[in-house]
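Listed below are the residues making up each chain.
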Amino acid sequence: HLYQSQRLVPSGRDYLCSWGFSWVPFFFMLAGLVLTHARLSSSKQPDSAAGFVAKRAATIYPLYSAGLAAALLLRVGQGRQLPEWYELAAQSFLVQSWHPALPERTVQVHCWFLSALLAFWLAFGPACRLLERTVTSLERACALLLLCSSLPWLAVAFPACLGGDPEWYRAHRTGASGTSLDLAVAFLKFHPLCYLHVFVYGMCLARTRQLALAADAARGESGSAPLRRLVAAAASHGASVGLTGLLLLFSLPALRPVGFKLSARLSVLLPLQGLLLFGLCTSHAAPASALPP
């Protein structure tokens, strides 16, 4: 936020700080992993969808609503225009990111991610049941991880195939919604559908961990040996490899992906961030037992 508000003293560290936006998808991935790990590890009857959402909303909404009220009072005190009633209503119910014309016109724009998180909470129960039924092996888990990490590259591939500017989104101005380009950029930047693959990636990391534990407990009797060794290596060294790769990417402009302001927001960095998270949530034991219970 200090970087975006241009309050940092110009220095070589500015480039590193300019990547701060790329950690919002990491939070979605972390949420998917934590929620799925808790569900897969629990023997209790899962909450209903309403109960599940209510429990999580209760942890964020009081502080969120207090911040929203403070921001509105500050606007009134400064004599600035308040949002339209429908913009304020959408923000009050945490659905501001669900329509591309809304998120950039609300107060506390940076809270849009909570609106996306609400959508993921609503979909979590059915998604987790589907994950358990369909992802039943390490091969399927790795295939789903590969699919999710490939999707963000469509934001790079489409402009390239059409011969267009890979940074076409720069024509958009914050708050504008008068053209199809404005709506398209806002949709890609904020809509929960554009980050669903990131949340699912986190869910699949938790499922991969569970399946690897099962294979390890069966003494390697299930799944292919090379794949089990690969997962064990990711558990042991993923955090180091992922963090090193991200630091290099954030420090060297030559490594910057095409159209990075959009492609990184949509998570072309998923493999590196996923390695970091997977490594952090497992131990650094020997490969044969790299995944502790």
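In this report, we go over the structure that sits alongside the text.

What counts and what doesn't
Residues numbered from 1 in each chain as written. Predicted model: local features only at pLDDT ≥ 70, side-chain atom pairs only at ≥ 80, totals over all residues. Heavy atoms only, no water. Helix = DSSP H or I, 4+ residues; strand = E, 2+ residues; numbered from the N terminus. Buried < 20%, exposed > 50% of the residue type's maximum accessible area, 1.4 Å probe, protein only. Polar contact = N/O pair within 3.5 Å; in protein donor to acceptor, adjacent residues only side chain to side chain. Contact = heavy atoms within 4.5 Å. Expected span 1.5 Å × (residues − 1). Bend = angle between axes of the 7 residues up to and from the residue. Axes fitted to C-alpha atoms, helices over the stretch in contact; angles between N-to-C directions. Parallel < 35°, antiparallel > 145°, perpendicular 65-115°, else oblique. Left-handed = near helix turned anticlockwise from the far one by under 90°. Salt bridge = Lys/Arg side-chain N within 4 Å of Asp/Glu carboxyl O. Core = buried A, V, L, I, M, F, W, Y, C linked by side-chain atoms within 4.5 Å.

**A word on the side chain of S97**
Position of S97 among the secondary structure elements: in the loop between α4 (85-92) and α5 (112-134). Here S97 falls in the buried class, since its relative accessible area comes to 1%. Polar side-chain contacts of S97 include one of 2.9 Å to the side chain of S115. Setting aside residues up to four positions removed in sequence, S97 forms contacts with P103, W112, S115, A116, F190, H191 and P192.

**Some points on helix α3 (residues 49-78)**
Compared with the 44 Å implied by 1.5 Å per residue over 30 residues, the 41 Å span of α3 between its first and last C-alpha is a close match. Of all the bends in α3, the largest measures some 40° and sits at A58, one to four residues before the proline P62. Where α3 is concerned, the buried positions are F52, V53, I60, Y64, L68, A71, L72 and R75. G79 sits one or two residues past α3 and shows a positive phi near 70°.

**Description of the packing of helix α6 (residues 138-150) against helix α9 (residues 196-217)**
At a minimum axis distance of 9 Å, the contact between α6 and α9 shows a crossing angle of 160°. When the interaxial angle is binned, α6 and α9 end up roughly antiparallel. Both α6 and α9 take part in a crossing whose hand is left-handed. From α6, L138, A141, L144, L145, C148 and S149 reach across to α9, where they touch H197, V200, Y201, C204, L205, T208, L211 and A212.

**Topic: the pattern of salt bridges**
Considering all chains together, one arrives at four salt bridges under this definition. The partner of R105 in a salt bridge is E87, and the shortest N-O contact between them spans 2.8 Å. Pair noted here: R105 is in the loop between α4 and α5 and E87 is in helix α4, with a separation of 18 residues, a long-range link. Overall, E87 belongs to the buried group, its relative accessible area being 3%. Here E104 and K189 are joined by a salt bridge, their closest N and O atoms 3.0 Å apart. Taken as a pair, E104 in the loop between α4 and α5 and K189 in helix α8 (residues 180-190) lie far apart in primary sequence, 85 residues in all. No difference in accessibility class separates E104 from K189, as the two residues are buried.

**Brief notes about the nonpolar core**
One finds W19, F28, M29, W121, L205 and L269 to be the most contacted residues of the largest nonpolar core, which totals 64 residues. Take this core: its biggest share by element is ten residues, from α5. Look past the residues within four positions of L269 in its chain and what remains in contact with it is W19, S22, L246, L249, F250 and A264.

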